[in-house]
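So the chains spell out like this:
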Amino acid sequence: MNYSIIQPPFTLKFRDMSMEELNGYRKWFIEVVPSRIIELQGAINSDNGLEVWKPDCSLSSIETLGLWLSRQVETRPRKAEEIERIKGRTNFDFSISTRELTNRTFSFAVDAGMYFGKTLKSNYRHLEWGQSLDDKKFADFGQMILSGFGRATLNPVRIAVNFCYGVAGDERMAERFAEVYRYWSQLAKTPG
């Protein structure tokens, strides 16, 4: 498989980015979605039995993507300093996984999230890409989100990354990607 890992020209530490960098991120994100979906299609089509998969914004393409993505999830050991940095972000005591997604898995997740968002937006024209810049405490501050679900907003890249964390090699979770899509489709049908 000839797949190019996504290389954002930003740190992606959204709370530390300037407004100029955040605006640049938005522009970059919108511009790269088409090429990243082509990259994703190439990766999926190189898999045996999936040579005809097309990003046609259908539910079946999302179902196949979820199954394929679940088989691509790889992890690596977390370094001690990574674990300490995560623990340092909160006052709560909880166990931190000693495994982290690989860069390749993160890249697949970003591409899958972009396609997830594009599919929803294609099927529900009232949905809009946006970027929340009002509150740095907001979980999706600075990231690209879809709005048009009433009060709720959706970060499709976060959905795909969390899916990969949940799967981490357990294909029994593969159908969850399509289930999450169906859930947000229902919200999009009845905004407000």
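Quick summary incoming for the structure in this document. Computed from a prediction, not measured in an experiment: that's the story for all the values here.

With that settled, consider the layout of surface pockets. Of the voids in this model, the largest pocket is the one considered here, and its volume is about 1600 Å³. Along the wall of the largest pocket there are 36 residues; nearest its centre are T11, L12, K13, F14 and F106. Elements that contribute at least two residues to the lining of the largest pocket include exactly helix 1 (19–45), helix 3 (80–88), strand 2 (99–101), helix 4 (103–123) and helix 5 (156–167). Each residue belonging to the lining of the largest pocket can be placed in one class, and the counts come to 19 nonpolar, seven polar and 10 charged.

It is worth spelling out the pairing of strand 4 (residues 144–149) at this point. Of the strand pairs in this sheet, strand 3 (residues 128–131) and strand 4 are connected by four bridges, and their pairing is antiparallel. Residue pairing across strands places G130 opposite I145, the latter belonging to strand 4. The pairing of strand 4 with strand 5 (residues 152–154) spans three bridges and is classified as antiparallel. Residue pairing for strand 5: F149 is matched across the bridge by A152. Here strand 4 hands over to strand 5 after two residues, with G150 in that stretch at a positive phi of 80°.

Okay, the environment of D47 next. Mapped onto the fold, D47 is located in the loop between helix 1 and helix 2 (59–72). Here the alpha-carbon distance between D47 and M1, two residues 46 residues apart in the chain, equals 8.0 Å.

The next point concerns the sheet that holds strand 3. Ordered in space as 3-4-5, the three strands form an open sheet in which the pairing is antiparallel. The open sheet has two free edges, formed respectively by strand 3 and strand 5, since each of these has just one partner strand. Geometrically, the sheet is characterised by an average inter-axis angle of 45° between neighbouring strands, direction not taken into account.

With 51 residues, the main nonpolar core has F29, L65, W68, L120 and F177 as its most contacted residues. For this core, the secondary-structure elements that each account for two or more residues are helix 1, helix 2, helix 4, strand 4, helix 5 and helix 6 (176–189). With 10 residues, helix 1 is the single largest residue contributor to this core. Residues in contact with F177, not counting those within four places in the same chain, are I62, L65, G66, L69, A112, F116, A160 and F163.

Located in the positive-phi region is L12, a residue other than glycine, with phi close to 65°. Relative to the elements of secondary structure, L12 occurs in the segment before helix 1. Positioned with a positive phi, C57 is a non-glycine residue whose angle comes to about 65°. Residue placement: C57 occurs in the loop between helix 1 and helix 2.

Reading guide: rules and limits
- Residues numbered from 1 in each chain as written.
- Predicted model: local features only at pLDDT ≥ 70, side-chain atom pairs only at ≥ 80, totals over all residues.
- Heavy atoms only, no water.
- 1 Å grid on protein atoms, 1.4 Å probe; cavity = no way out; pocket = protein on both sides within 12 Å on 5 of 7 lines; lining within 4 Å.
- Points joined across faces, edges and corners; volume = space filled by probe spheres on them.
- Helix = DSSP H or I, 4+ residues; strand = E, 2+ residues; numbered from the N terminus.
- Nonpolar A, V, L, I, M, F, W, Y, C, P; charged D, E, K, R; others polar.
- Pairing = 2+ DSSP bridges.
- Axes fitted to C-alpha atoms, helices over the stretch in contact; angles between N-to-C directions.
- Core = buried A, V, L, I, M, F, W, Y, C linked by side-chain atoms within 4.5 Å.
- Buried < 20%, exposed > 50% of the residue type's maximum accessible area, 1.4 Å probe, protein only.
- Contact = heavy atoms within 4.5 Å.

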